[in-house]
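Topology and contacts: notes
Okay, here's what each chain looks like letter by letter:
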Amino acid sequence: MLSIAEVIVVEGKYDEIKLSSIVDATIFVTNGFSIFKDKKRLEMLRQMAKNRGVILLTDSDGAGLVIRDYLTGALPGITIKQAYIPMIEGKEKRKRQPSKEGFLGVEGMQEETVKEALLKAGISVDYKQNRWMTKARMYEDGLSGHPYSADL
């Protein structure tokens, strides 16, 4: 599981559920287009992201692009990273019919596809939360406490 420092913005609760099984991060749900009218939620996002930055991870359909464009303009002075999922035809398991445009959203993506999109966006890994990076591990790997550690 990746620990990510930025706030990750997704469209809906099912996207949040999918993402929370992949990453340890603050996930902000826009509830679709309702973020356009909800000034309190938008201000909450601004405050959360002020020092941490934002990763926008919306669906690859037209609605996702509209939300992405709106938030990019509505968050001036905040570092915004764009994570794009590929346009894959299909439907999510919970739905009876595919979406209007026929593409899978964030919730329908494979775990590796979501991770790849986040890595391509340039996520900031929160090393304080990643327990695999310990002083003992650095010593074992020769990165600390050895004559040539500085060279490594």
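The preceding data block contains the structure.
Below, the structure is looked at part by part.

What counts and what doesn't
- Residues numbered from 1 in each chain as written.
- Predicted model: local features only at pLDDT ≥ 70, side-chain atom pairs only at ≥ 80, totals over all residues.
- Heavy atoms only, no water.
- Helix = DSSP H or I, 4+ residues; strand = E, 2+ residues; numbered from the N terminus.
- Buried < 20%, exposed > 50% of the residue type's maximum accessible area, 1.4 Å probe, protein only.
- Contact = heavy atoms within 4.5 Å.
- Areas by Shrake-Rupley, 256 points an atom, 1.4 Å probe, with all protein chains shown as cover.
- Polar contact = N/O pair within 3.5 Å; in protein donor to acceptor, adjacent residues only side chain to side chain.
- Axes fitted to C-alpha atoms, helices over the stretch in contact; angles between N-to-C directions.
- Parallel < 35°, antiparallel > 145°, perpendicular 65-115°, else oblique.
- Left-handed = near helix turned anticlockwise from the far one by under 90°.
- Pairing = 2+ DSSP bridges.

A word on the overall build of the protein. Across its full length, the protein holds five helices and four strands. Each of the 152 residues in the protein was classed as buried or not, and the buried ones make up 38%. Taking as baseline every contact in the protein between residues at least 6 positions apart, the subset at least 24 positions apart corresponds to 56%. On the protein, roughly 9,300 Å² of surface is accessible, and the fraction owed to carbon and sulfur atoms is 53%.

Right, let's get into the side chain of Glu 6. Structurally, the position occupied by Glu 6 is in strand β1 (residues 2-10). Only 2.8 Å separates the side chain of Glu 6 from the side chain of Lys 81, close enough to count as a polar contact. Apart from the residues within four sequence positions on either side, Glu 6 is in contact with Ala 25, Thr 26, Arg 52, Gly 53, Val 54, Ile 55, Lys 81, Gly 122, Ile 123 and Ser 124.

The subject of this paragraph is the environment of Tyr 14. Relative to the elements of secondary structure, Tyr 14 occurs in helix α1 (residues 13-20). In this structure, Tyr 14 is in contact with Arg 94 and Glu 107, ignoring residues within four places of it in sequence.

As a further point, take the packing of helix α2 (residues 39-49) against helix α3 (residues 62-74). Pairs of packed helices are described in terms of their axes, by the angle between the two and the distance that separates them. Orientation of α2 relative to α3, taken along the N-to-C sense of each, is 65 degrees, at an axis distance of 11 Å. By the angle between their directions, the pair α2 and α3 is classed as roughly perpendicular. Between α2 and α3 lies a crossing of right-handed hand. Judged by residue contacts, Lys 39, Leu 42, Leu 45 and Arg 46 of α2 engage Tyr 70, Leu 71 and Ala 74 from α3.

A few words on the sheet that holds strand β4 (residues 80-82). Backbone hydrogen bonds hold the strands of a sheet together, and the pairing may be parallel or antiparallel. Strand order in the open sheet formed by four strands is β2-β1-β3-β4, with parallel pairing between adjacent strands. At either end of the open sheet lies a strand with only one pairing partner, and these are β2 (23-29) and β4. The mean angle between the axes of side-by-side strands here comes to 35 degrees, regardless of whether they run parallel or antiparallel. Against the sheet, α2 contacts β1, β2 and β3 (54-56), and its axis sits at roughly 150 degrees relative to β2. This element, α3, spans β1, β3 and β4 of the sheet and lies at about 160 degrees to β4.

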